[in-house]
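# Structural features, examined
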Amino acid sequence: MTAASDAGTRTPVVAAKVRVPPAAALPRERLQALLDTVWERRLGLVVAPAGSGKTTLLADFAARAGVPVAWYRTESWDADERSMVRHLEAALLAALPDVRGGWGTVEDAAAALDERPAERALLVVDDAHGLEGTPAESALGRFVEYAPAWLAIVIGSRLAPSINLTRLRVAGDLVEIGPDELRFRAWEVERLFRDHYGEPVPPDELAVLARRTEGWAAGLQLFHLATRGKSPDERRRILAAVGAGSRLIREYLTWNVMADLPEELRDFLVETCVLGRLTGPLCDRLLERRGSAGLLAELYRRQIFTVELDEADESYRYHEVFRSLLDRMLVDRVGEDAARGRYTRAGELLEAAGAIPEALGAYSRAEDWEAVRRLLGGQGERIASYAPAWLESLPPAIVRHEPWLELASARRARAEGRWSDALDAFGRAEAGFGASTIALVCHRERQLLRAWFEPSPPGTPADWSRILRAGVVREPLAAAREAASQDGVPPSLLRGLLALAAGDVIAARAEFAAARSRLDGEPMLAAACGLGLGVAGVLAGDAAAAIEIDAAEDAAEQARAPWLGWLARAASRLADDAAAPVDPAWRSSVDGARDPWGAALAALIEAWEPGIDPTADRPTRTNGATPSPGTAAERRVAAAERAAAEFRRLGAGVLEAWARGLVALGLAESSAPEAREAAMTAESLARAAGAPGARLLTYRAMRLVDEARGADYEALEATVTAEMGLVGPPPADRSSANRRVGVGPTVNGAADAPMLNGHSPSTVEGALRVRTLGGFAVIVEGRDLALDGIKPRARSLLRLLAVHAGSAVHREVLAAALWPEADAPTAGRSLQVAVSAVRGLFADALGGDGGRFVVRDGDAYRLGIDPEAVDVRRFDRAVADARQVRSRGGDIAGALSSALALYGGDLLPEEGPSEWVVELREHYRSTAVDVAREAAEAAGLAGDARGAIDACRAGLAIDRYHDPLWRLLIQARQAAGDVSAANRDRREYEAILIELGVPEAPAFTSS
């Protein structure tokens, strides 16, 4: 580490402390959306324990902010105001070189910043806990108060700083992100290992990993480091040892958490780890002393992996991974026998306090099986309903000899989707209870579950589960009429599920919305309702409904319903226009023997959205019959066939009808000769099963194979859409031709098939292009369409729809982006006026029907043109295609250069700093620079010095501060033998480094 010092006695500035760290390639949209609100506030605060991902989140936020970013990482020796202010000055002047320097106090800093024009910038103060209790911390609070409004400030810390946060909260000027928000959800864990680490982990192991680490970022990373390159068996062994058994985790927590604590707190943590629930009185009784409440509050304040359970009674628990470390430290300190004795004492105290699940956990850790049996005899029903996570740590022999534990195990297996395990456990619990009343409960739950695996239709429906089961056999809308309030399940929830099975998404959305208000205190049912609402919305063409699916996944995890959460994650593919094909390893990990419903539903979702494979061309014919291997049409057919076979085996005729419809559609998309017969068979099955929505798939298939009657089948599709609100699946081939084939619902329920001056849309679309990169223009037959006739907000609406070509944008998103200052009714009216203006623009230019190029999809709007007509979409495709060339061993340098040539400049410069475009603009700038770098590297490896030079110059024209491009450029000049040009570029590079405050340029050697 080196320090740069000003003249005189000024405090030296450590360069590393004011350097913005590189961003990770793992965007966490859920958290970024929270941080995005800081632009309207004064302060953002991210407070969480060590290893929670604070710095990574802040670095990602800084990278995508699209504004100048200053970064200051504090340390304990920045204790005085002068030292802190000097580092703030260094950080801010590096980002804002036009600001006057020479600061000595916070007031100097505020005055200098006030002189600057009010252009947005960001300051990140990381590791602010290093200033705890110092004059520098007080000065930082004053700086937050005095800083100009254009400077957004975000602080990352292990504990809340001692500044006036209450006033900021009351004023609505504070954005707070805590450990629960930073915790990785199960689907984020899946994405982390699949997309970031490139080592997918099977869903069942992911669920265990997420549960045992509680989504702690460092724990997940350390698990990855420990398992990288290991066999599946070795990975499972390491997974079983997550916690105290993991050397890497032990070392991390020991060095980064325990080592920094006072001895009193360390001892307290170790001695109280035997309590699964901690309160001041409980800890006092355990330790035979007083003052525990204050120590617990201090641990919570310091964010030492202490989770608050109930603010009213000031109860806490330790994070499971941390508690495992403390348990090991206790054993090292007193020995295993003495540790078991302390767990027995903890169990007695917890039992006396009424914390029965925690008491049972303590007795189990103490191996006090007599106490376990005694407690189960009196409190078993409560344990069975709770189904605690520590069940998996109990010896199987204990579980199998305790019917209450068997019942809890059965319910846990059911919640996790291990249906066959659940049935076996219900049977053992029923036998264990003998002739008691609870045995009848076990019998009933087992029979209800078993009915879902019997292919024959159930008898007369007696409760909500049997009504739902009957409704997926046939006639779901008729079954919905049998719905009544039973077992605490609102009939509207049941009717919503049955309407969804029938394909009536209009009715389903209304029923789910009605059910939601009645599900307070029922977290699992509320999660199911949210999932149904999200799926129904997406099937209705409402892209914004994907938010509901994500929220349902989170709610299912909170409700301890892992299978429901997994289903929500699978369903999220329905809302992903750019979904990749399903990984075969993931598909094989869904155990069809243990979870046939999960396997069947996953296959149905895969068939609906078979994924875009950038390595595959449009579907072709193989031997005149089936799609060529690897095409989306082939994937649709294969997945739908799997789903249909499984649903038939399960006796789910309604869902089989949907799967058969998708088989027919996939065959039609590939021009297979058997497509007509498959469509007719699927249509008959849909009618027989009472699944009217599934007929839309068969009509679409027939429209593709029967051109003579195409208009008739298109009208039938439009009728289903108008009556039920259902938008069909995306075409397997995402080309413009297929995009126009099924454009879905529009205004007044009519199909979108605009005829412009007597010509089909394809005729006009072929002559229509939209430019968004380097300046916005709508080009018709080579001429720019004049936009002066519509107001600025209407032009912004057209630009926003253009950059999302191919996708619908919900009206609320449009209103918030374009009229953020207006209330909802006013913004809605303004949106309608703008839509009318844009439609009028197209109508004037293209004829009376031209206005229908602005298409309404339910509560959303889209630009009804071929997405490939928009330059930014062509750039996206070219980049994706170029990067796939590498795997095929093709001309990667040429492909990347071709993609780079499509980048015409910044995205929509006319929009300036509008919030809705800033992130997208920076994304495309970064992508273009990355493409330039990759092209230069590839050209250099191929010995093409001229190609490398051209790629570097193109990238530096976009971002002249991109360090790797300067290095590659100089190396390419040297390789080309152009010494004078290399020296000239080196001097320019050195000048830029000095401008950035980096005093020394790297040395270069000739190739």
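The rules we used
- Residues numbered from 1 in each chain as written.
- Predicted model: local features only at pLDDT ≥ 70, side-chain atom pairs only at ≥ 80, totals over all residues.
- Heavy atoms only, no water.
- Helix = DSSP H or I, 4+ residues; strand = E, 2+ residues; numbered from the N terminus.
- Buried < 20%, exposed > 50% of the residue type's maximum accessible area, 1.4 Å probe, protein only.
- Pairing = 2+ DSSP bridges.
- Axes fitted to C-alpha atoms, helices over the stretch in contact; angles between N-to-C directions.
- Contact = heavy atoms within 4.5 Å.
- Parallel < 35°, antiparallel > 145°, perpendicular 65-115°, else oblique.
- Left-handed = near helix turned anticlockwise from the far one by under 90°.
- Nonpolar A, V, L, I, M, F, W, Y, C, P; charged D, E, K, R; others polar.
- Core = buried A, V, L, I, M, F, W, Y, C linked by side-chain atoms within 4.5 Å.
- Phe/Tyr/Trp six-rings, centres within 6.5 Å; stacked < 30°, edge-to-face > 60°.
- Expected span 1.5 Å × (residues − 1).
- Polar contact = N/O pair within 3.5 Å; in protein donor to acceptor, adjacent residues only side chain to side chain.
- pLDDT = per-residue confidence, 0-100.
- Salt bridge = Lys/Arg side-chain N within 4 Å of Asp/Glu carboxyl O.

### Let's talk about unusual backbone geometry
Although it is not a glycine, glutamate 367 sits at a positive phi angle of roughly 60 degrees. Inspection of the secondary structure assignment puts glutamate 367 in the loop between helix 18 (356-365) and helix 19 (369-386). The partly exposed category is assigned to glutamate 367, whose relative accessible area is 47%. One non-glycine residue, glutamate 475, adopts positive backbone phi at about 50 degrees.

### Focus: the sheet that holds strand 6 (residues 151-157)
The five strands are arranged 4-5-6-3-7 in an open sheet whose pairing can be described as parallel. One side of each edge strand has no neighbouring strand; the edge strands of this open sheet are strand 4 (69-73) and strand 7 (174-177). Across the sheet, the axes of successive neighbouring strands diverge by a mean angle of 15 degrees, strand direction being ignored. Bridge count for strand 3 (residues 43-47) against strand 7 is four bridges, and the pairing is parallel. Residue pairing across strands places glycine 44 opposite valine 175, the latter belonging to strand 7. Across the sheet, helix 1 (residues 29-36) touches strand 3, strand 6 and strand 7, and the angle it forms with strand 7 is around 160 degrees.

### Focus on the packing of helix 14 (residues 280-287) against helix 17 (residues 336-352)
Between helix 14 and helix 17, the least distance of the axes is 10 Å, while the angle of their chain directions is 140 degrees. Considering the angle they form, helix 14 stands oblique to helix 17. In this structure, the crossing between helix 14 and helix 17 has a hand that is right-handed. Here Leu282, Arg285 and Leu286 of helix 14 lie close against helix 17, whose contacting residues are Arg345, Leu349 and Leu350. Grouping the amino acids of the contact of helix 14 with helix 17 by side-chain chemistry returns four nonpolar, no polar and two charged.

### Comments concerning the nonpolar core
Grouped together as the largest cluster of nonpolar side chains are 169 residues, with contacts concentrated most on Phe193, Phe322 and Trp658. With sequence-adjacent residues up to four places away left out, tryptophan 658 is seen in contact with Ala501, Ala502, Gly503, Leu604, Trp608, Ala691, Gly693, Ala694, Leu697 and Leu726.

### Overview of the packing of aromatic side chains
Tallied over the entire structure, the rule returns 15 aromatic pairs. Ring geometry for tryptophan 597 and phenylalanine 647: centres 6.1 Å apart, planes at 55 degrees, overall tilted. You can see tryptophan 597 sitting in helix 32 (residues 596-608) and its partner phenylalanine 647 sitting in helix 33 (residues 632-650), a full 50 residues away along the chain. When its relative accessible area of 7% is taken as the criterion, tryptophan 597 is described as buried. Classification of phenylalanine 647 as buried rests on a relative accessible area of 0%.

### Concerning helix 47 (residues 963-976)
In this model, helix 47 (14 residues) spans 20 Å end to end at C-alpha, consistent with the 20 Å of a helix rising 1.5 Å per residue. Summarising the contacts, the buried residues of helix 47 are in contact with helix 45 (915-941), helix 46 (945-958) and helix 48 (979-995).

### Focus: the environment of glutamate 214
Note on placement: glutamate 214 falls in the loop between helix 9 (203-213) and helix 10 (217-227). Of the residues examined, glutamate 214 reaches a relative accessible area of 17% and is grouped as buried. A C-alpha to C-alpha distance of 7.6 Å links glutamate 214 and phenylalanine 184, two positions 30 residues apart in sequence. Apart from residues lying up to four places away in sequence, glutamate 214 is in contact with Arg183, Leu209, Arg317, His319 and Glu320. Within polar-contact distance, the side chain of glutamate 214 engages the side chain of arginine 317 at 2.7 Å. Within polar-contact distance, the side chain of glutamate 214 engages the backbone nitrogen of glutamate 320 at 2.7 Å.

### Comments concerning the environment of valine 85
Tracing the chain through its elements places valine 85 in helix 3 (residues 81-95). C-alpha of valine 85 to C-alpha of aspartate 108: the two residues are 23 residues apart in sequence and 9.1 Å apart in space.

### Let's talk about the confidence of the model for the chain
Scored by pLDDT, the chain comes out at a mean of 81, with 85% of its residues at no less than 70. Predicted confidence for residues 1-9 stays below pLDDT 50, and this span has eleven contacts to residues more than four positions away or in other chains. Under a pLDDT of 50 for its full length, residues 614-629 has, in the predicted model, 34 contacts with residues more than four places off or in other chains.

### A short note on helix 17
Its 17 residues place the ends of helix 17 25 Å apart at the C-alpha level, agreeing with the 24 Å of an ideal helix rising 1.5 Å per residue. The set of residues buried in helix 17 consists of Ala339, Tyr343, Thr344, Ala346, Gly347, Leu349 and Leu350. Buried residues along helix 17 sit in contact with helix 14, helix 16 (320-334) and helix 18. Taken from the residues just after helix 17, glycine 354 is the one with a positive phi, measuring 85 degrees.

### Here we look at the pattern of salt bridges
All told, the structure shown has 57 salt bridges when counted by the stated rule. The salt bridge involving glutamate 119 is made with arginine 116; its shortest N-O contact spans 4.0 Å. When its relative accessible area of 9% is taken as the criterion, arginine 116 is described as buried. The partner of glutamate 656 in a salt bridge is arginine 660, and the shortest N-O contact between them spans 3.9 Å. Separated by four residues within a single helix, glutamate 656 and arginine 660 lie in helix 34 (residues 653-669), roughly one turn from each other. Residues joined in a network through salt bridges with shared partners are Asp327, Glu336, Asp337, Arg340 and Arg365.

### A few points about the side chain of glutamate 656
With relative accessibility at 5%, the residue glutamate 656 sits in the buried group. Not counting residues within four places of it along the chain, the set of residues in contact with glutamate 656 comprises Ala644, Phe647, Arg648 and Leu685.

### Some points on the sheet that holds strand 14 (residues 783-784)
Taken in spatial order, the three strands line up as 12-13-14 in an open sheet, and their pairing is antiparallel. Here the strands that pair on one side only, and so sit at the sheet edges, are strand 12 (768-771) and strand 14. Where strand 13 (residues 777-780) lies against strand 14, two bridges are found, and the strand directions are antiparallel. Across the sheet, residue isoleucine 779 finds its bridge partner in strand 14, namely aspartate 784.

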